[in-house]
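Report on the structure
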Amino acid sequence: MSSFSLELPADFENYAWEVKAKGWFSEARIITAERRYKINFYDLTRLTQHIKDEFERGQIFFEPNLVIVQSITPACMQRAATELVQSGQVISLLAEQA
């Protein structure tokens, strides 16, 4: 499985700086010939904060299709998507329902 695309909202560049600063983004999709996968990208700092907050509230932490990247930028998200597809790990993700 090598043909795919990473889909970001059309206006993503208008607020990319804000997404990078927040450290998470959940509106990206990996599109393959067979399926679509909604991806939840986090950087390590934001993920750590989010998990800590959940635990302090006495809750568990669960996030489907969680992918950790160094920074929430198009380049980092693209590299992660490429790695997931080329390594075959994309099949472990939860696909969107048609």
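Predicted model only: the values in this text are computed from it and were never measured.

Bringing the overall build of the protein chain into the picture now. Counting secondary structure elements, the protein chain contains three helices and four strands. Taken from N to C terminus, the helices and strands of the protein chain fall in the order β-α-β-β-α-β-α. In terms of overall dimensions, the protein chain has a C-alpha envelope of 40 × 30 × 25 Å along the principal axes. Residues classed as buried in the protein chain amount to 37% of the 98 residues present. Within the protein chain, residue pairs in contact and separated by at least 24 positions form 59% of the contacts whose partners lie at least 6 positions apart. Accessible area for the protein chain stands at about 6400 Å²; split by element, carbon and sulfur atoms hold 52% of it.

Before going further, it helps to examine the pattern of salt bridges. For the structure on display, the rule yields eight salt bridges. Salt-bridge contacts for K52 lead to E56; the nearest nitrogen and oxygen are separated by 3.3 Å. Residue K52 and its partner E56 are located together in helix α2 (residues 44-56), separated by four residues, close to a single helical turn. Relative accessible area serves as the criterion here: at 57%, E56 is assigned to the exposed category.

Here we come to the pairing of strand β3 (residues 36-43). Burial within β3 is extensive, with six of its eight residues counted as buried. Following strand β2 (residues 24-32), the chain reverses through three residues before pairing antiparallel with β3. In this fold, β3 hands off to α2, which returns the chain to strand β4 (residues 66-69); that crossover is right-handed.

This part is about the pairing of β4. Of the two faces of β4, only the one carrying V67 and V69 is buried; L66 and I68 on the other face are not. Note: β3 against β4, four bridges, orientation parallel. Considered in β4, the bridge of N40 is made with L66.

Thresholds, definitions, all that
- Residues numbered from 1 in each chain as written.
- Predicted model: local features only at pLDDT ≥ 70, side-chain atom pairs only at ≥ 80, totals over all residues.
- Heavy atoms only, no water.
- Helix = DSSP H or I, 4+ residues; strand = E, 2+ residues; numbered from the N terminus.
- Buried < 20%, exposed > 50% of the residue type's maximum accessible area, 1.4 Å probe, protein only.
- Contact = heavy atoms within 4.5 Å.
- Areas by Shrake-Rupley, 256 points an atom, 1.4 Å probe, with all protein chains shown as cover.
- Salt bridge = Lys/Arg side-chain N within 4 Å of Asp/Glu carboxyl O.
- Pairing = 2+ DSSP bridges.
- Right-handed = clockwise from strand over helix to strand, strands pointing away.

By themselves these figures say nothing about function.
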